[in-house]
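Here are the chains, one letter per residue:
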Amino acid sequence: MNDKIERAYEVASQKYTEFGVDTENVLNKLKEISLSIHCWQGDDVGGFEGSNASLSGGGIQATGNYPGKARTISELRKDLEKAFSLIPGNHRLNLHAIYGEFGGKFVERDEITPTFYQGWINWAKERGLFLDFNCSLFSHPKAEDGFTLSSKSKEIRDFWVEHVKRCREISAEMGKQLNDVCIHNIWIPDGSKDIPVDRTGHRSLLKESLDDILERRYSSSHMKDSLEGKLFGIGSEAFVVGSHEFYLSYAITKGTMLTLDTGHFHPTESVGDKISAVIPFLSGIFLHISRGIRWDSDHVVIADDNLIQLAEEIVRSKAMDRIHLGLDYFDASINRIAAWVIGARATQKSLLYALLQPLDMLLEYEEKGKYFQRMALLEEFKALPYGSVWDYFCLQNNVPSGINWIKDVELYENEILKKRL
Ligand code: RNT
Ligand code: ZN
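From a predicted model like this one, the values you see are computed outputs, not experimental measurements. (Residues numbered from 1 in each chain as written. Chains lettered and ligands numbered in written order. Predicted model: local features only at pLDDT ≥ 70, side-chain atom pairs only at ≥ 80, totals over all residues. Heavy atoms only, no water.)

Chemist: Break down the coordination of the zinc ion (ligand 2) for me, with residues and values.
Modeler: The protein atoms donating to the zinc ion (ligand 2) are E228 (OE), D261 (OD), H288 (ND1) and D328 (OD), with metal-donor distances spanning 2.1 to 2.2 Å. Mapped onto the sequence, the residues coordinating the zinc ion (ligand 2) show the spacing E-x32-D-x26-H-x39-D. Of this pair, H288 sits in strand β9 (residues 285-289) while D328 sits in the loop between β12 (323-327) and α10 (336-355), and the two are 40 residues apart along the sequence. For H288, a relative accessible area of 1% puts it in the buried group. (Donors = N, O, S within 2.8 Å, 3.2 Å for Na, K, Ca; no water. Helix = DSSP H or I, 4+ residues; strand = E, 2+ residues; numbered from the N terminus. Buried < 20%, exposed > 50% of the residue type's maximum accessible area, 1.4 Å probe, protein only.)

The following block contains the structure:
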């Protein structure tokens, strides 16, 4: 088996060498790229706050009822460990505030402290993982009227401002203890189902709340803030306060990072194209890699044209050190561990595909106006054996190659998930 993979890799490597591409070099680069794996795929964005913690009120929705959803933190950790064992390389875990360890008692969102996340920090440390963090401004009675940081009620705003401030503090603590930079992502569901008259009012309230939240400075070697806009959500079809333009402008002004979620734009827009347009003006970009289908922005990521283009633009950006890659989708209709593995591997495969392209040759064609040659070369590369390079990468990193991981997940499903009733 391994022999076969090695032989196929040798052949593939020679093929790429003919075009001036060094596959060893490519594999080293690929290994350096960490993905921030989203914890919320494991339990349909439920979290562990207690009793009525089902996903609601945020304009996002997980559909499906596949058996075996993680019901406790230890089940979620087990599932994550399984998923991580099937994804080559070293990665990160992206946590939401609702995933704290509250020990069975209800802790209000404006009362959370780093202590509730110490278990996650320890768990990450033991496994050599790093953490990212998110404030959670949905699935909560105080988010039910559709507005949080931009609410016209001062009481509601104050509550959420306090929550986000605490989440920043928790992020800084995670970064400090893990000796790393924890990215804190701010996404809020604020918006309205129908056409509002006071867009201006809500947007200026959002700005005011954010100014207040970001006033406290943390060392950028431990935490960085990133802001995520959106086009629409369920119940916020006509108006989203935190739109892309709002946060792009805000992030540039304040020096924060900007989160681009690939499911948060019009279907014909290319997020790949946006990278080189915004990165010169930003301290960094956090990509939430997802797959939009019609009204839904959160399908499991696959290596489609959008993802390939995104990967190509990341690789060609010359700013990879300022682009943080995370996954963001949730599918409750298939095995949840497989959903993680498929999305992560598809992202890595797309990056590999992009890294294997003969950029120098392509650039030369382009600069000389040899456009059919450029097109022909790109087309040719679609049929080159990058799958053999991928298999070798998996082998090198001690994870199953090809579809061998499927049986691992099936076994886990039979032995563990099916027993969760
Ligand atoms: C929602 C945003 C956001 C969430 C997570 C749970 O549309 O994409 O990133 O998916 O914070
Ligand atoms: Zn997102």
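From this point on, the discussion continues.
Chemist: Give a detailed account of the packing of α10 against helix α14 (residues 404-415), specifying residues and quantitative values.
Modeler: Viewed as axis vectors pointing N to C, α10 and α14 meet at an angle of 160°, and their least axial separation amounts to 10 Å. Put simply, α10 runs roughly antiparallel to α14. Once α10 is placed against α14, the crossing between them reads as right-handed. Counted together, I337, A338, V341, I342 and R345 of α10 and W405, V409 and Y412 of α14 form the full contact between these two elements. When grouped by side-chain class, the residues that make up the contact of α10 with α14 number 7 nonpolar, no polar and 1 charged. (Axes fitted to C-alpha atoms, helices over the stretch in contact; angles between N-to-C directions. Parallel < 35°, antiparallel > 145°, perpendicular 65-115°, else oblique. Left-handed = near helix turned anticlockwise from the far one by under 90°. Contact = heavy atoms within 4.5 Å. Nonpolar A, V, L, I, M, F, W, Y, C, P; charged D, E, K, R; others polar.)

Chemist: Can you break down the pairing of strand β8 (residues 257-261) residue by residue, with the values?
Modeler: Regular strands place their side chains on alternate faces of the sheet. β8 sits mainly inside the fold: 5 of its 5 residues count as buried. Side chains M257, T259 and D261 of β8 all project onto a buried face; the interleaved residues L258 and L260 project onto the opposite face, where all are buried too. One ladder, built from 4 bridges, connects β8 with β9; its direction is parallel. Bridged to D261 within β9 is H288. (Pairing = 2+ DSSP bridges.)

Chemist: Could you give me a rundown of α14, with the residues and numbers involved?
Modeler: An α-helical segment advances 3.6 residues per turn. Residues three or four places apart therefore align on the same side. Relative to the 16 Å expected for 12 residues at 1.5 Å per residue, α14 spans 18 Å between its end C-alpha atoms, a close match to the ideal helical length. Burial in α14 covers these residues: W405, V409, Y412 and E413. Down the axis of α14, the sector holding all buried residues measures 100°, keeping them to one side. For α14, the elements touching its buried residues are α3 (73-85) and α10. (Expected span 1.5 Å × (residues − 1). Arc of directions from axis to C-beta.)

Chemist: Now, about the environment of R157: what can you tell me, with residues and values included?
Modeler: By the secondary structure assignment, R157 is in helix α5 (residues 154-178). Taking the C-alpha atoms as reference points, R157 and S209, 52 residues apart in sequence, are found 7.3 Å from one another. Dropping the residues within four chain positions of it, R157 is found in contact with T148, L149, S151, K152, L205, E208 and S209.

Chemist: Account for the pairing of strand β11 (residues 296-299), naming residues and giving values.
Modeler: Pairing geometry for strand β10 (residues 291-293) and β11, over 2 bridges, is antiparallel. Bridging across to β11, R291 finds its partner in H299. The hairpin formed by β10 and β11 contains 2 residues between the paired strands, and R294 there has a positive phi angle of roughly 45°.

Chemist: Which residues make up the environment of G402, and what are the values?
Modeler: By the secondary structure assignment, G402 is in the loop between α13 (386-396) and α14. As for G402 and D360, which are separated by 42 residues in sequence, their C-alpha atoms are 30 Å apart.

Chemist: Let's hear about a negative patch on the surface: which residues, and what values?
Modeler: Judged by side-chain charge, D3, E6, E10, D22 and E24 come together as a negatively charged surface patch. For the negative patch, the element with the most residues is helix α1 (residues 2-18), which contributes 3 residues. The residue D3 is located in helix α1 in this model. (Patch = residues over 30% accessible without salt bridge, like charges linked within 9 Å, V, L, I, M, F, W, Y side chains within 5 Å. Areas by Shrake-Rupley, 256 points an atom, 1.4 Å probe, with all protein chains shown as cover. Salt bridge = Lys/Arg side-chain N within 4 Å of Asp/Glu carboxyl O. Lys, Arg positive; Asp, Glu negative; His and termini not counted. Charge placed at Lys NZ, Arg CZ, Asp CG, Glu CD.)

Chemist: So, the layout of surface pockets: which residues are in play, and what are the values?
Modeler: Looking at the largest pocket, its volume works out to about 550 Å³. Taken together, 34 residues line the largest pocket, and the ones lying closest to its centre are T262, G263, F265, R291 and G292. Elements supplying a minimum of two residues to the lining of the largest pocket: α8 (271-278), β10, β11 and α9 (305-316). Taken together, the residues of the lining of the largest pocket break down into 14 nonpolar, 13 polar and 7 charged. (1 Å grid on protein atoms, 1.4 Å probe; cavity = no way out; pocket = protein on both sides within 12 Å on 5 of 7 lines; lining within 4 Å. Points joined across faces, edges and corners; volume = space filled by probe spheres on them.)

Chemist: Lay out the packing of aromatic side chains in plain terms, naming residues and giving numbers.
Modeler: Across all of its chains, the model carries 14 aromatic pairs by this definition. When the ring of Y117 is compared with that of F133, the centres are 5.1 Å apart and the planes differ by 75°; the resulting orientation is edge-to-face. With Y117 in the loop between β2 (92-96) and α4 (118-127) and F133 in strand β3 (residues 130-134), this residue pair connects regions lying 16 residues apart in the sequence. Take Y117 and F133: they sit in the same class, and that class is buried. An angle of 90° between the planes, with centres 5.3 Å apart, marks the rings of F246 and Y247 as edge-to-face. Residue F246 is classed as buried on the basis of its relative accessible area, which comes to 14%. Of note, R77 hangs over the ring of W120, and the distance from its end group to the ring centre comes to 4.3 Å. (Phe/Tyr/Trp six-rings, centres within 6.5 Å; stacked < 30°, edge-to-face > 60°. Lys NZ or Arg CZ within 6 Å of the ring centre and 35° of its normal.)

Chemist: Provide a residue-level description of the sheet that holds β2, including the pertinent values.
Modeler: The 8 strands lie next to each other as β1-β2-β3-β4-β6-β8-β9-β12, forming a closed barrel whose pairing is parallel. Strand-to-strand twist across the sheet, computed as the mean angle between neighbouring axes with direction ignored, equals 30°. Relative to β12, strand β1 (residues 35-38) is paired through 2 bridges, and the arrangement is parallel. If you follow S36 over to β12, its bridge partner there is G326. Along the sheet, α9 contacts β9 and β12; its crossing angle with β9, the most-contacted strand, is approximately 160°.

Chemist: I'd like a description of the site of ligand 1, backed by residues and values.
Modeler: Close to ligand 1 lie W40, I60, H96, W187, E228, K230, D261, H264, H288, D328 and F330, which account for all nearby residues. Taking E228, its side chain carries an N or O atom lying 2.8 Å from an oxygen atom of ligand 1. Calculation on ligand 1 without its partners gives an accessible area of 310 Å², and the protein chains cover 100% of this total. Counting atoms within 2 Å of the grid points, the majority share of ligand 1 lands in the largest cavity. (Near = heavy atom within 4 Å. Polar contact = N/O pair within 3.5 Å; in protein donor to acceptor, adjacent residues only side chain to side chain. Sits in = over half its atoms within 2 Å of the grid points.)

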